[in-house]
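Observations on the model geometry
The lines below spell out each chain.
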Amino acid sequence: MRIELKGIAISPGVALGKVVLLNRAKMIVERKRIDPSLIDSEKERFLAAVNKSKEQLLSIKEGLDLKDGEDHLQILNFNLMMLEDELFSEEVLRTIEKEGVNAEWAITSVLSRKSEAFKYVDDIYMKERLADIYHIGQRILRNLHGVHDEIVDLEEDSVIVAHDVSPIDVVGFAKHRAVGLVTDIGGSTSHSAIVAKSLGIPTVMGLEDITLRVSPGDLIFVDGFKGVVVVNPLESELEEFRRRKSEFQAVERRLRSYVNLPGKTLDGRRIRVSANIEIADEVDMAICYGAEGIGMYRTEFLFTGSVYFPTEDEQFEDYKRVVTTFNSPYVTIRTLDIGGDKFPAGMEPSKELNPALGLRGIRFSLKDEKVFRTQIRAILRASEFGRIRILIPMVSTLIEIQRVKEIIDEVSGSLSFNPSWEIGVMIETPSAAIMAYEIAEEVDFISIGTNDLIQYTLAVDRVNEHVSYLFSPFHPAVLRLLNQVVEGASVKGIPVGVCGEMAGQLACVPLLVGMGVDELSMNVHAIPKVKKLLNCITFKDSKEIVKNVLKLKTAQDVREFVVSSIMEKWGESLPDECISEILYD
C-alpha cells in the first residue's frame, strides 16, 4: 500500500531504495533488589558495561580512515567523553548502593531524573542534547544484557528506517552504504541530524510512526529537500522518482564543477563565499564544497552538547583544529550564544518567560565572565596557529562591545605570547542595525545575522506556523535596515558579511551584492550555487536592482521585481538548478 508522509527536512538530497528497518527499541528494564553482599559486584557489572561501550566506540574510531577520522573524530570523542563522565557514573553507582537496585534500574532512574529536569523546557535544541545522553544510556543497557550492537553490511540502495538513531549509528550506516535515513523522532538540531547533513545522506526526521507503517524490503523514496517520504510508490510514480534521483545526482556532479570558481562577479567585484559550521567535523566538508573561509563557527555545540562546560584546553584543541585544517586568511569564531533555556545537560535550566529576548548571547557571557574569559583565552591561544576573528552575538548596546574589548585585552595580557585577533559584532537586533555607524567605530568587521534580525524587525517567530508566512527577507523594512548597516560600516571602511540564511538564498544574493556586502557565509551545501550565480551577475546591475527595490512597499512586490530582474539580466547564463531555486524557493 502506498503511504506518503511529511516530516522535517534534515539533509538535502533524494534517495530511492529498499527499507532496512532498525529494530533497536529501548530495553525493557525491571527493578530488582540486590542483596547487600552483591552491591559491589553489581557496581562492577555496570562499570564493565561502560568499559565495553568505550571499547566499541574506540573500535569504530580506529576503523575510520584518515579522512573519515577528521570528519567525525569529534562525534566519537563526544560520546567517549560522556562515557567517561565521572558525574554520570558516580550518580549511577550511588543509586545502586543507596537504593540497593540493579544497574539497569539505576541507569534508567538517573536518566529519568535528568529528563524531569527538562520537563518544562520548550527549547528543542536542549531536548535533543538530552537525547544524546539517552543514546549512550541505551548502549550501556545493551551491553549489560550482552545484546549484539554491530551494524551489518547493507545492500546497495538501502534506506535506514528507525524510531531514533544515535550519531554513531549514522556514521556506521554511511560506512555501510546507506543512501537515505528516515526516523520517527528527531529534529534539525539533533547531533544525529548534524552528522547526517555533514555526510550528505538524504534525511527526513520527525515522521512520528514511520517504523510502524513500513516493512523490511519496502521500496521507499526520500526527499530530503521537502521532507517528504513515499513508501511503496505507484508504478506510475517510479519513473518520476528515478528521474529525480538521476537528476539530483547529475546536479551534484555539476555543483562540484562550481566549487573552484572564485567568489567574484562578472565585473570583478570580490565577494568572499564562506561556510557556517556547527562542529569542527564540518571543516572538511566546507573545503570540499569550495568555501573560501569559515565565516562563522558556532561554538554552542561544544557547550550544549556536553554534560559540563568544556575546559579551556578542550576548547583550545577544538579551535586549533579548525584553524589549522582550513587554509584560509582567517577563521571567524562566534562566542557562546546560549542562555534562556539553552544550557548544558547537567545544568539547571533557566525559567525565563521569553528566552529569545532574555539572558542569551553576549548578555549571558558578560553575566558569567568566568565562562566567557575561559572561552576567550582558548580562542586567543588558538590564534597562535592562524588568523582568528572573534564574533560577538546578540549585541544591542555599545557598552557591551566596549566591555568585551576590555576583557579580551585583559585575557590577552595574561598570555605568554602576543596573540593576534580581530573583533566583530553580529548585527541581529534592530538597535544594533540602527547604530551600525557607531558600532563600526568600535570593531574590525561586522557580520549580519539575518535570521534573528528579520525575526526581531518583523516581530515574527518564523517557527510559529500561524505567523511564519510573514517572515520574509524581501520585506522592505528588512532591506532598508540591511542597506543602512552596510552604508554605516562602509563610511568607516569596515567590511560587512552576512551569515544568516539569506546569504545562501539565490534570489537574495544580488540584493546583498548590490548593497556592497563583502562576504556571504552559509550552509556548505549552498556554496557551489552561490559561487556560480556570482560569476553570472554584475555588481553594477545589482546596485541598480537595490536602488529600485528600496522604493517598493511590500515583500511580494520586492520578490517579483528581483526575480524578474535576475531572469531578464542574467537568465540565459544561469544553469537550470539556479533558475529553479530562484523561481520557486
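Residues numbered from 1 in each chain as written. Predicted model: local features only at pLDDT ≥ 70, side-chain atom pairs only at ≥ 80, totals over all residues. Heavy atoms only, no water.

Concerning the pairing of strand β1 (residues 3-6)
Residue alternation in β1 divides its side chains into a buried set, Ile-3 and Leu-5, and an unburied set, Glu-4 and Lys-6. Relative to strand β8 (residues 228-231), β1 is paired through four bridges, and the arrangement is antiparallel. Within the sheet, the bridge partner assigned to Glu-4 lies in β8 and is Val-230. (Buried < 20%, exposed > 50% of the residue type's maximum accessible area, 1.4 Å probe, protein only. Helix = DSSP H or I, 4+ residues; strand = E, 2+ residues; numbered from the N terminus. Pairing = 2+ DSSP bridges.)

Focus: the environment of Arg-272
Here Arg-272 is to be found in strand β9 (residues 272-277). A sequence separation of 225 residues divides Arg-272 from Gly-497, and the C-alpha atoms of the two residues are 8.7 Å apart. If near-sequence neighbours (up to four positions away) are discounted, Arg-272 is found in contact with Glu-292, Pro-329, Tyr-330, Asp-518, Glu-519 and Leu-520. Among the polar contacts made by the side chain of Arg-272, one reaches the side chain of Tyr-330 at a distance of 3.2 Å. (Contact = heavy atoms within 4.5 Å. Polar contact = N/O pair within 3.5 Å; in protein donor to acceptor, adjacent residues only side chain to side chain.)

Some remarks on the packing of aromatic side chains
Here the structure, examined in full by the defined rule, presents four aromatic pairs. Both rings, one in Phe-221 and one in Phe-241, keep their centres 3.9 Å apart while their planes meet at 0°; by these two values the pair is stacked. A residue pair is termed long-range when its members are at least 10 positions apart, and Phe-221 in strand β7 (residues 219-223) and Phe-241 in helix α9 (residues 235-256) qualify at 20 residues. A centroid spacing of 5.8 Å and a plane angle of 75° characterise the contact between Phe-225 and Phe-248, whose relative ring orientation is edge-to-face. Taken as a pair, Phe-225 in the loop between β7 and β8 and Phe-248 in helix α9 lie far apart in primary sequence, 23 residues in all. Above the face of the Tyr-289 ring, Arg-256 is positioned so that its terminal group lies 4.9 Å from the ring centre. Taking NZ or CZ as reference, Arg-389 lies 3.9 Å from the ring centre of Phe-445, over its face. (Phe/Tyr/Trp six-rings, centres within 6.5 Å; stacked < 30°, edge-to-face > 60°. Lys NZ or Arg CZ within 6 Å of the ring centre and 35° of its normal.)

Details of the state of the cysteines
Here a disulfide denotes a covalent bond joining the sulfur atom of one cysteine to the sulfur atom of another. According to the stated counting rule, one finds zero disulfides in the structure shown. Cys-578 provides the cysteine sulfur closest to Cys-536, a residue in no disulfide bond, and the two sulfurs are 7.0 Å apart. For Cys-536, a relative accessible area of 6% puts it in the buried group. Residue Cys-578 is classed as buried on the basis of its relative accessible area of 0%. (Disulfide = S-S within 2.5 Å.)

What about the sheet that holds β9?
Taking strand neighbours around the barrel as the criterion, the eight strands line up as β9-β10-β11-β12-β13-β14-β15-β16 in a closed arrangement whose pairing is parallel. Averaged over all pairs of adjacent strands, the angle between strand axes in this sheet comes to 25°, irrespective of strand direction. Here three bridges tie strand β10 (residues 294-298) to strand β11 (residues 331-334), and the two strands are oriented parallel to one another. Directly across from Ile-294, in β11, lies its bridge partner Val-331. Taken strand by strand, helix α19 (residues 476-491) contacts β13 (421-427), β14 (445-448) and β15 (496-498), and its axis lies near 170° from that of β14. (Axes fitted to C-alpha atoms, helices over the stretch in contact; angles between N-to-C directions.)

Observations concerning the sheet that holds β8
Strands belonging to one sheet form pairs held by backbone hydrogen bonds; the direction of such a pair is parallel or antiparallel. Taken in spatial order, the eight strands of this open sheet run β1-β8-β7-β3-β4-β5-β6-β2, and their pairing is mixed. At either margin of the open sheet sits one strand with a lone partner, and together these are β1 and β2 (8-11). Across the sheet, the mean angle separating the axes of adjacent strands is 30° when strand polarity is ignored. Bridge count between strand β5 (residues 178-183) and strand β6 (residues 203-205): two bridges; the pairing is parallel. Considered in β6, the bridge of Leu-181 is made with Thr-203. Against the sheet, α9 touches β3 (14-22), β7 and β8, its axis set at about 105° to β3.

Thoughts on helix α15 (residues 398-413)
Given a rise of 1.5 Å per residue, 16 residues ought to cover 22 Å, and the 23 Å separating the end C-alpha atoms of α15 matches this to within 8%. Buried residues along α15 sit against α13 (362-367), α14 (369-382), β12 (388-392), β13 and α17 (436-440). (Expected span 1.5 Å × (residues − 1).)

Details of the packing of helix α21 (residues 527-534) against helix α24 (residues 576-584)
For any two helices packed against each other, one specifies the crossing angle of their axes together with the interaxial distance. Where α21 contacts α24, the two axes come as close as 10 Å, and the packing angle between them is 95°. When the axis of α21 is compared with that of α24, the two are roughly perpendicular. Mapping the contact onto sequence places Lys-529, Lys-532 and Leu-533 in α21 and Glu-577, Cys-578, Glu-581 and Ile-582 in α24. Grouping the constituent residues of the contact of α21 with α24 by class yields three nonpolar, no polar and four charged. (Parallel < 35°, antiparallel > 145°, perpendicular 65-115°, else oblique. Nonpolar A, V, L, I, M, F, W, Y, C, P; charged D, E, K, R; others polar.)

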